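An overview of the molecular structure
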Amino acid sequence: MKIKYLYQLLLSHISILILAFVIIISLFSHFVKEFAYQNKVEELTSYAVQIANEFQAGQVDMRRLYPYQDILSTRKTQFIIFNEEQQPYFLPEGFHHQPREKLKKSEWNKLKKGQTVMIRADGRFDDEVSLVAQPIFVQNEFKGAVLLISPISGVEQMVNQVNLYMFYAVISTLVITILVSWLLSKFHVKRIQKLREATDKVASGDYDIHLENSYGDEIGVLASDFNIMAKKLKQSRDEIDRLEKRRRQFIADVSHELKTPLTTINGLVEGLNSHTIPEDKKDKCFSLISEETKRMLRLVKENLDYEKIRSQQITLNKLDVPLIEVFEIVKEHLEQQAEEKQNKLMIQVEDHVIVHADYDRFIQILVNITKNSIQFTQNGDIWLRGIEGYKETIIEIEDTGIGISKEDIEHIWERFYKADISRTNTAYGEYGLGLSIVKQLVEMHQGTVEIKSEKGKGTKFIIRLPLTAKQK
């Protein structure tokens with residue numbers, strides 16, 4: 001059975017209110033009744049004590065009891081005085097009860113012991129009554145008792161009147177509660193409905209949505225969380241769109257890159273098989289086939305390497321390595337490529353500066369960045385610098401190349417991204433994977449890498465790697 005949330009709220013509010021009223025009315029009625037009975041008993045006890053005191057002197061003028069009779073009759077209260085034999089000693093006018101209304105034996109024994117007998121409600125008379133019996137002692141000798149009897153119909157009438165007023169209060173409160181609860185429930189349901197509509201939009205792929213919220217309750221917090229979720233989904237969608245766009249561009253670039261060498265290799269192989277290539281040119285053909293094959297292998301290797309690093313399938317073996325030694329290896333490895341573009345590779349680092357890193361992966365980081373600097377620098381300078389910082393080693397690779405625009409810097413670490421997509425035929429870093437690999441490797445070393453660049457004025461990469469605990 002489906003019940004709308006609005007009616008669930010109304011039902012819960014009304015049910016709780018009714019339950020609360022039932023408990024309160026029951027307790028209040030019981031309290032009022034007990035309070036009324038107690039007051040009645042205390043009132044009867046007070047008169048009983050006064051009447052009993054009239055006998056303390058031993059003899060009493062019966063005429064002195066008539067005022068009590070008049071006062072008590074206005075309160076619909078009657079009294080009788082028993083002697084020590086439990087025989088009526090004084091019966092006020094109009095007292096119609098018979099001797100069967102005498103006190104019980106247990107009650108009479110209490111009176112003989114000097115105890116007052118108080119009963120809030122009793123049915124031994126024709127009507128429900130409250131009664132009080134006060135012993136009479138003359139010179140410490142038991143002489144009888146005073147019995148006061150008052151019907152409880154007045155108490156019951158008062159309790160009924162209180163219950164009637166409580167009933168009116170319950171009805172009025174229920175009407176007001178239903179009205180207020182309806183308004184509040186409609187308000188909350190409306191807020192939930194907005195969330196539901198926003199959820200439907202998100203489910204349909206519309207993430208450009210923002211819920212206005214100025215409340216600090218749970219629904220407000222949920223709305224804030226929903227806005228954060230929608231924002232992150234939008235960012236994820238935009239990221240997926242960007243990656244998909246670059247993936248398509250990457251596939252197009254790879255297809256273009258593979259098509260040329262494969263066409264070349266295929267033509268050369270067919271020429272060798274058909275013996276149309278002269279003997280003196282075969283060595284050149286084999287050399288060209290080898291270069292084109294290495295180029296394709298480089299593409300495959302970069303992709304496989306990136307996936308392994310991204311999924312953390314490699315293990316780092318960190319060592320303390322002199323930074324100048326690593327720089328010398330990088331320079332030796334890339335110096336020929338730098339000279340082909342009339343660039344100078346220069347090293348600036350003191351002999352005592354060391355770096356705590358995986359040797360092979362650290363060289364890979366530096367080679368990828370330096371290749372990038374060589375690729376975008378013509379007839380310029382490229383510096384490899386090392387500085388010992390506080391609890392870290394700072395590595396800087398700076399060039400005087402064409403620089404990178406601010407728009408490109410925001411995406412330079414993304415996979416497949418190339419700041420200058422026209423440079424697809426260069427021999428190094430042409431697939432837009434080198435800097436993505438650098439970012440992943442630096443983070444695996446618990447380090448950071450940042451880039452500072454200005455269009456036309458060069459680029460600087462800054463890497464910070466933490467030192468070992470021993471050197472801290």
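Thresholds applied
- Residues numbered from 1 in each chain as written.
- Predicted model: local features only at pLDDT ≥ 70, side-chain atom pairs only at ≥ 80, totals over all residues.
- Heavy atoms only, no water.
- Patch = residues over 30% accessible without salt bridge, like charges linked within 9 Å, V, L, I, M, F, W, Y side chains within 5 Å.
- Areas by Shrake-Rupley, 256 points an atom, 1.4 Å probe, with all protein chains shown as cover.
- Salt bridge = Lys/Arg side-chain N within 4 Å of Asp/Glu carboxyl O.
- Lys, Arg positive; Asp, Glu negative; His and termini not counted.
- Charge placed at Lys NZ, Arg CZ, Asp CG, Glu CD.
- Helix = DSSP H or I, 4+ residues; strand = E, 2+ residues; numbered from the N terminus.
- Buried < 20%, exposed > 50% of the residue type's maximum accessible area, 1.4 Å probe, protein only.
- Phe/Tyr/Trp six-rings, centres within 6.5 Å; stacked < 30°, edge-to-face > 60°.
- Pairing = 2+ DSSP bridges.
- Axes fitted to C-alpha atoms, helices over the stretch in contact; angles between N-to-C directions.
- pLDDT = per-residue confidence, 0-100.
- Contact = heavy atoms within 4.5 Å.
- Parallel < 35°, antiparallel > 145°, perpendicular 65-115°, else oblique.
- Left-handed = near helix turned anticlockwise from the far one by under 90°.
- Nonpolar A, V, L, I, M, F, W, Y, C, P; charged D, E, K, R; others polar.
- Arc of directions from axis to C-beta.
- UniProt positions renumbered as here; feature names shortened; annotations may be inferred.
- Core = buried A, V, L, I, M, F, W, Y, C linked by side-chain atoms within 4.5 Å.

**Quick word on a negative patch on the surface**
Residues Glu328, Glu332, Glu335, Glu339 and Glu340 make up a contiguous surface patch of negative charge. With respect to the helices and strands, the residue Glu328 is situated in helix α7 (residues 323-340). Among the residues examined, Glu328 registers a relative accessible area of 41% and is labelled partly exposed.

**Quick look at the packing of aromatic side chains**
For the structure shown, the criterion picks out 4 aromatic pairs. Their ring planes at 55 degrees and their centres at 6.2 Å tell us that Phe167 and Tyr168 sit as a pair that is tilted. Judged by its relative accessible area of 49%, Phe167 falls in the partly exposed class. Overall, Tyr168 belongs to the partly exposed group, its relative accessible area being 46%. Ring pairs connect the aromatic residues Phe82, Trp108, Phe137 and Phe142, which therefore count as one cluster.

**Quick word on the sheet that holds strand β12 (residues 458-466)**
Reading across from one edge, β7-β9-β10-β12-β11 is the order of the 5 strands in this open sheet, with mixed pairing throughout. Among the strands making up the open sheet, the edge pair consists of β7 (344-348) and β11 (448-454). Taken pair by pair, the neighbouring strands of this sheet meet at an average axis angle of 15 degrees, ignoring direction. Here 8 bridges tie strand β9 (residues 381-389) to strand β10 (residues 392-399), and the two strands are oriented antiparallel to one another. Bridge pairing links Leu384 to Ile397 in β10.

**Description of the confidence of the model for the chain**
Per-chain confidence: the chain averages 78 in pLDDT, with 81% of residues scoring 70 or above. Confidence drops under a pLDDT of 50 for residues 421-431, and excluding neighbours within four residues, the segment shows 32 contacts in the predicted structure.

**Quick word on the packing of α7 against helix α8 (residues 359-375)**
Taken N-terminus to C-terminus, the directions of α7 and α8 make an angle of 40 degrees; their axes are 10 Å apart at the nearest point. On the basis of their axis angle, the class for α7 and α8 is oblique. Between α7 and α8 the crossing geometry is right-handed. Contact residues: α7 offers Leu323, Glu325, Val326, Phe327, Ile329, Val330, His333, Leu334, Gln337 and Ala338, while α8 offers Tyr359, Phe362, Ile363, Leu366, Val367, Thr370, Lys371 and Ile374. Residues of the contact of α7 with α8, tallied by class, amount to 13 nonpolar, 3 polar and 2 charged.

**Considering helix α2 (residues 66-74)**
Among the residues making up α2, those that are buried are Tyr68, Gln69 and Leu72. For α2, the arc enclosing every buried residue in end-on projection is 100 degrees, short of the 170-degree limit, so these residues lie on one face. Lys76 lies just past α2 and shows a positive phi near 60 degrees.

**Regarding the environment of Glu396**
Along the chain, Glu396 turns up in strand β10. Assessed through its relative accessible area of 13%, Glu396 is described here as buried. Remark: the alpha-carbon pair of Glu396 and Arg385, spanning 11 residues in sequence, is separated by 5.0 Å. Residues within four places of Glu396 in sequence aside, it is in contact with Trp383, Leu384, Arg385, Ile387, Lys460, Phe461 and Ile462.

**Focus: the UniProt feature "coiled-coil region" (unreviewed entry) in the chain**
Within the UniProt annotation, "coiled-coil region" (unreviewed entry) is assigned to residues 226-253 and 324-351. Annotated as 61% helix and 18% strand, the span residues 324-351 places its first and last C-alpha atoms 6 Å apart.

**Some points on the nonpolar core**
Core analysis: the largest hydrophobic core is formed by 39 residues, its most contacted members being Phe362 and Ile395. Elements supplying a minimum of two residues to this core: α7, β8 (354-358), α8, β9, β10, α10 (434-444), β11 and β12. Per-element tally for this core: the top contributor is α8, with 7 residues. Not counting chain neighbours up to four residues away, the residues in contact with Phe362 comprise Leu323, Val326, Val355, Ala357, Ile395 and Leu465. Tyr47, Ala52, Phe55 and Tyr68 belong to the second largest nonpolar core, which has 18 residues in total.

**Here's the deal with the UniProt feature "transmembrane region" (unreviewed entry) in the chain**
As annotated in UniProt, the feature "transmembrane region" (unreviewed entry) corresponds to residues 9-32 and 165-184 in the numbering used here. End C-alpha to end C-alpha, residues 9-32 measures 34 Å, and it is 100% helix and 0% strand.

**Observations concerning the pattern of salt bridges**
On inspection of all chains with the given rule, the structure shows 10 salt bridges. With a shortest N-O distance of 3.7 Å, Arg385 and Glu396 are connected by a salt bridge. You can see Arg385 sitting in strand β9 and its partner Glu396 sitting in strand β10, a full 11 residues away along the chain. The burial state of Arg385 is the same as that of Glu396; both residues are buried. Among the ionic pairs, Arg464 bridges to Glu450, the shortest N-O distance being 4.0 Å. With a gap of 14 residues between them, Arg464 in strand β12 and Glu450 in strand β11 connect regions that are remote in the sequence. For Arg464, a relative accessible area of 29% corresponds to the partly exposed category. Residues participating in the shared-partner salt-bridge network are Arg385, Glu396, Glu398 and Lys460.

**As for unusual backbone geometry**
For Asn379, which is not glycine, the phi torsion reads 55 degrees and is therefore positive. Looking at the secondary structure, you find Asn379 in the loop between α8 and β9. Under the relative-accessibility criterion, Asn379 is labelled exposed at 61%. Unlike most non-glycine residues, Gln446 shows phi in positive territory, near 60 degrees. Within the secondary structure, Gln446 is located in the loop between α10 and β11.

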